[in-house]
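Overview (structure and organization)
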Amino acid sequence: MRIMALPPSRAAVFSMILVILMSCRGITADIFRFLRDDHRFKAGDSVPLYSNKVGPFHNPSETYRYFDLPFCLPDDVKEKREALGEVLNGDRLVSAPYVLDFLMDKESEVVCRKRLTRREVAQFRSAVDKDYYFQMYYDDLPIWGFIGKVDREGKVVPSEYRYYLYKHIQFDVLYNNDRVIEINARMDPHSVIDLTEDKEVDVEFTYSVKWKETDIAFENRMDKFSQASSLPHHLEIHWFSIINSCVTVLLLTGFLATILMRVLKNDFIKYARDEESADDQEETGWKYIHGDVFRFPKYKSLFAAALGSGTQLFALTVFIFVLALIGVFYPYNRGALFTALVVMYALTSGFAGYTSASFYCQLEGTNWVRNLLLTGCLFCGPLFLTFSFLNTVAIFYSSTAALPFGTIVVITLIWTLVTSPLLVMGGVAGKNSKTEFHAPCRTTKYPREIPDLPWYRSTLPQMAMAGFLPFSAIYIELYYIFASVWGHRIYTIYSILFIVFIILLIVTAFITVALIYFQLAAEDHEWWWRSFLCGGSTGIFIYGYCLYYYYARSDMTGFMQISFFFGYMACICYGFFLMLGTIGFRAALLFVRHIYRSIKCE
């Protein structure tokens, strides 16, 4: 039998498709799971119940396997196979020790009887003291509960506190015909075991199950989670945020449009009169530097790479919003967001390669291969270093936040077989586009000297002014996002978030244009990097908000949680810096080209 080998190009494409399908397994599995009719049960049928994880309630990143605590083990512990996004989310589902057969009520069913050793008592007591919660999934419905309670009433000294472990769980399950609709877990506050003293104790773990019929349709069983963020008082705050942001945008755009139009109109009239008057009259203002304003910036390879990375992150954000608005990220669709981020980042790498190589060639760069390497590492490099450090910390803590070796291999394959080839393909297409940089004015051979300027016209004060207004337009919404990402709140109002994102882009573009105009009017022609830094400075303000949120709005503690919070938020804010910096530069470039095209330059 003769075996035909695939050509290298087709083999590469086939490998890319295979890796993408592997990484998309989480989303496709959810789709096919709901398309199939596997959520229907008969009386007495076994309904899957999985224990997921435990961890301190105030430290959302610090999670551990359910059976890291000495709970009752089932007879046969089976691990559920997780998709990529679920593993990235820290989910580790295993079979639970409770049996909740369909429509079968139970009363004080014994799970197990065991004697807790002094070490196990200390382990449970430490978990209760840190407000540990547990998470399970029953027919893909989430279940939460606390494992114990601390009695602090009437006690001032912590040594007087009493620590209790819950022994009994009451499961209340709602059903509609042959489908599970809702499940809640209630802990019995009277069925507890005292763990205060450091001694062995005997404990009997029990549970009860109560089934009740409801008329809620199966298709609407997730609505109660999505409606949690749509309550009237929440919506009022969200709309207040939108109105506040819109007022900011209207005032800013109206003010800038009025000022800039009047100033530019006067400038155009003045320069037109100057052209009609004596030729030896000295030029002043932004027209004076027409021979330098389109002089290419320093470190143009880095500049082009930053634009490419920013363009890719902008495209990634837009695609994520599209998926969110069409309803892909419904509450507790485990790992769907992480899967989408990984896959979309890989697929949008071609945007980065094309934009970077094309603009680098427009800037008359020659070493486009080095430029592509810089583009590929500009965002992924810091992200990889941060991930390596944080994953090491998670491994040290034996947390589920530590990625298994197989998941790291899958992500490496995605980066090698999808991200890198698309980056190179985009770079080759950008290099061969032969696009020229269209400058309305001819650049002189030698640059003019920039006059001495006041301190507030330097880069850092300008960045502070540029970042404050866009941040003020989004800071109210930031709290809800942080409470969702770094807490246990549910955020589903993606339409409002998209409006806030559009407002952020508009304010960033307008404030950058205004500051660049005043910079050019002061005869400072080095505006390329300034526009990028001013546009991206909002990312620095967001990171400053992280400090405020950590100290004033959260109860996060411990080295691991602090490392994860500030480490990953640094990467996110860096991504915002690149994306908004690209928006600021593109807006400034359009503005500068327009004003210099409107005058006669010699």
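Thresholds applied
- Residues numbered from 1 in each chain as written.
- Predicted model: local features only at pLDDT ≥ 70, side-chain atom pairs only at ≥ 80, totals over all residues.
- Heavy atoms only, no water.
- Helix = DSSP H or I, 4+ residues; strand = E, 2+ residues; numbered from the N terminus.
- Contact = heavy atoms within 4.5 Å.
- Polar contact = N/O pair within 3.5 Å; in protein donor to acceptor, adjacent residues only side chain to side chain.
- Buried < 20%, exposed > 50% of the residue type's maximum accessible area, 1.4 Å probe, protein only.
- Axes fitted to C-alpha atoms, helices over the stretch in contact; angles between N-to-C directions.
- Parallel < 35°, antiparallel > 145°, perpendicular 65-115°, else oblique.
- Nonpolar A, V, L, I, M, F, W, Y, C, P; charged D, E, K, R; others polar.
- Pairing = 2+ DSSP bridges.
- Core = buried A, V, L, I, M, F, W, Y, C linked by side-chain atoms within 4.5 Å.
- Phe/Tyr/Trp six-rings, centres within 6.5 Å; stacked < 30°, edge-to-face > 60°.
- Lys NZ or Arg CZ within 6 Å of the ring centre and 35° of its normal.
- Arc of directions from axis to C-beta.
- Patch = residues over 30% accessible without salt bridge, like charges linked within 9 Å, V, L, I, M, F, W, Y side chains within 5 Å.
- Areas by Shrake-Rupley, 256 points an atom, 1.4 Å probe, with all protein chains shown as cover.
- Salt bridge = Lys/Arg side-chain N within 4 Å of Asp/Glu carboxyl O.
- Disulfide = S-S within 2.5 Å.

**A look at the environment of Ser472**
When you line up the elements, Ser472 lands in helix α13 (residues 459-485). Not counting chain neighbours up to four residues away, the residues in contact with Ser472 comprise Asn244 and Thr248. Among the polar contacts listed, one links the side chain of Ser472 to the backbone oxygen of Leu469, at a separation of 2.6 Å.

**Focus: the side chain of Asp524**
One can find Asp524 in the loop between α14 (494-521) and α15 (528-536). With relative accessibility at 6%, the residue Asp524 sits in the buried group. Polar contacts involving the side chain of Asp524 include one to the main-chain amide nitrogen of Glu526, which spans 3.2 Å. Once residues within four sequence positions are removed from consideration, Asp524 is found in contact with Ile289, Ile450, Leu453, Gln519 and Arg530.

**Overview of the packing of helix α7 (residues 300-325) against helix α17 (residues 559-597)**
Pairs of packed helices are described in terms of their axes, by the angle between the two and the distance that separates them. At their nearest, the axes of α7 and α17 sit 8 Å apart, and the two run at 105 degrees to each other. Taken together, the axes of α7 and α17 lie roughly perpendicular to each other. Between α7, through Phe303, Ala306, Leu307, Ser309, Gly310, Thr311, Leu313, Phe314 and Thr317, and α17, the contact on the second element is made entirely by Gly575, Leu578, Met579, Thr582, Ile583 and Phe585. Residues of the contact of α7 with α17, tallied by class, amount to nine nonpolar, six polar and no charged.

**Describing the sheet that holds strand β11 (residues 192-194)**
Hydrogen bonds between backbone atoms are what pair the strands of a sheet, whose relative direction is either parallel or antiparallel. Strands sit in the order β7-β8-β11 across an open sheet of three strands; the sheet is antiparallel. Since the sheet does not close on itself, it has two edges, and those belong to β7 (148-151) and β11, each with one partner. For this sheet, the mean inter-axis angle between neighbouring strands, taken without regard to orientation, is 30 degrees. Across four bridges, the pairing between β7 and strand β8 (residues 162-166) is antiparallel. Across the sheet, residue Gly148 finds its bridge partner in β8, namely Leu165.

**Things to note about the sheet that holds strand β9 (residues 168-176)**
The strand order across the open sheet built from four strands is β4-β12-β9-β10, with neighbouring strands paired in mixed fashion. If you trace the sheet from one side to the other, it starts and ends with β4 (106-116) and β10 (179-187), each paired once. For this sheet, the mean angle separating the axes of adjacent strands, direction not counted, is 20 degrees. Pairing analysis gives eight bridges linking β9 to strand β12 (residues 201-213), with the strands arranged parallel.

**Focus on the environment of Leu69**
Structurally, the position occupied by Leu69 is in the loop between β2 (64-65) and α3 (84-88). Sequence separation between Leu69 and Val54 is 15 residues, and the spatial gap between their C-alpha atoms is 8.4 Å. Not counting chain neighbours up to four residues away, the residues in contact with Leu69 comprise Val54, Gln123, Phe124, Ala127, Tyr132 and Ile147.

**A closer look at the nonpolar core**
Leu520, Trp527, Phe565 and Tyr596 are the most contacted members of the largest nonpolar core, which has 78 residues in total. Per-element tally for this core: the top contributor is α17, with 17 residues. Residues Leu69, Leu165, Leu195 and Phe225 belong to the second largest nonpolar core, which totals 49 residues.

**A look at the packing of aromatic side chains**
For the coordinates displayed, the defined rule picks out 58 aromatic pairs. Positioned above the aromatic ring of Phe218 is the side chain of Arg179, whose terminal nitrogen or guanidinium carbon lies 4.2 Å from the ring centre. Residue placement shows Arg553 over the ring face of Tyr479; its charged tip is 4.6 Å from the ring centre.

**Considering the pairing of strand β5 (residues 132-138)**
Across the seven residues that make up β5, a large majority, seven, are buried. Pairing between strand β1 (residues 49-56) and β5: seven bridges, direction antiparallel. Looking at the pairing, Tyr50 lines up with Tyr137 of β5. Both β5 and strand β6 (residues 141-146) contribute to a ladder of six bridges, which runs antiparallel. Of the residues in β6, the one forming a bridge with Gln135 is Trp144. Once β5 ends, the chain turns through two residues before running back antiparallel as β6, passing Asp139 with a positive phi of about 55 degrees.

**Remarks on helix α10 (residues 368-378)**
Buried residues of α10: Asn371, Leu372, Thr375, Gly376 and Leu378, and no others. On an axial view of α10, the arc spanned by its buried residues comes to 165 degrees, and they lie on one face. Projecting away from the buried face of α10 at angles above 90 degrees are the exposed residues Arg370 and Leu373. As for α10, its buried residues are in contact with α7, α9 (349-362), α11 (380-397), α12 (405-431) and α17.

**Brief notes about a nonpolar patch on the surface**
A surface patch of nonpolar side chains, amounting to about 480 Å² of accessible area, comprises Trp239, Ile243, Val247, Leu251 and Ile499. Among the secondary structure elements, Ile243 is positioned in helix α6 (residues 232-276).

**Description of the state of the cysteines**
The term disulfide refers to a covalent linkage connecting the sulfur atoms of a pair of cysteines. For the coordinates displayed, the defined rule picks out one disulfide. Across the disulfide, Cys72 is cross-linked to Cys112 (sulfur-sulfur distance 1.7 Å). Between Cys72 and Cys112 the disulfide shows an S-S torsion of about -60 degrees. By sign, it is left-handed. Of this pair, Cys72 sits in the loop between β2 and α3 while Cys112 is found in strand β4, placing the two residues 40 residues apart along the sequence. Of the two residues, Cys72 and Cys112, neither departs from the other in class, the shared state being buried. Of the cysteine sulfurs around Cys546, a residue in no disulfide, the closest is that of Cys573, at 4.4 Å. Residue classification places Cys573 among the buried positions, given a relative accessible area of 4%.

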